[in-house]
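Listed here are the chains, written in short residue letters.
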Amino acid sequence: NGREIAFERVHMDTRRCQVMRIAASGGEPRMVGPCHHHNTTQLQWHPDGTSLIADSIDESPAGLGGIATLSLATGRWRMLPYARNADAVDMAGHD
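Residues numbered from 1 in each chain as written. Predicted model: local features only at pLDDT ≥ 70, side-chain atom pairs only at ≥ 80, totals over all residues. Heavy atoms only, no water.

(A) Structural view of the sheet that holds strand 3 (residues 30-34). Taking strand neighbours across the sheet as the criterion, the 3 strands line up as 1-2-3 in an open arrangement whose pairing is antiparallel. In this open sheet, the two edge strands, each paired with only one partner strand, are strand 1 (4-10) and strand 3. Sheet twist, expressed as the average angle between the axes of neighbouring strands with direction ignored, equals 30°. Note: strand 1 against strand 2 (residues 17-23), 7 bridges, orientation antiparallel. Counted as the bridge partner of arginine 9 is glutamine 18 from strand 2. (Pairing = 2+ DSSP bridges. Helix = DSSP H or I, 4+ residues; strand = E, 2+ residues; numbered from the N terminus. Axes fitted to C-alpha atoms, helices over the stretch in contact; angles between N-to-C directions.)

Here it is as structure tokens:
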């Protein structure tokens, strides 16, 4: 978003993964929430700055690829509701 950087931090001893954010100028990182366990690419900022975006494989029996968002306010992931194609994998854009 130009002001902050989002990144994933993996704790080597426990393999626990957390999404962190830090000011672009540096400082103390803050935890946003857990890593999405089916995240397949880098995190992207949502245009309104209230969440992060990642492509993901959902937990449905079909395991469809889709777009997941992580709310910065709640620290919770959700699959973005939209019509997906069972014959394709959707991937979040990269800047």
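Now, onward.
(B) Focus on the environment of aspartate 55. When you line up the elements, aspartate 55 lands in strand 5 (residues 51-57). Owing to a relative accessible area of 1%, aspartate 55 belongs among the buried residues under this scheme. Spatially, the C-alpha atoms of aspartate 55 and leucine 43 are 8.5 Å apart, while their sequence positions differ by 12 residues. (Buried < 20%, exposed > 50% of the residue type's maximum accessible area, 1.4 Å probe, protein only.)

(C) Spatial organisation of the pairing of strand 2. Of all 7 residues in strand 2, 5 are buried; the element is thus mostly enclosed. Judged from the 4 bridges that link them, strand 2 and strand 3 form a sheet pairing that is antiparallel. In the strand pairing of strand 3, valine 19 is matched with glycine 33. Between strand 2 and the antiparallel strand that follows it, strand 3, lie 6 residues; glycine 26 among them carries a positive phi value of about 105°.

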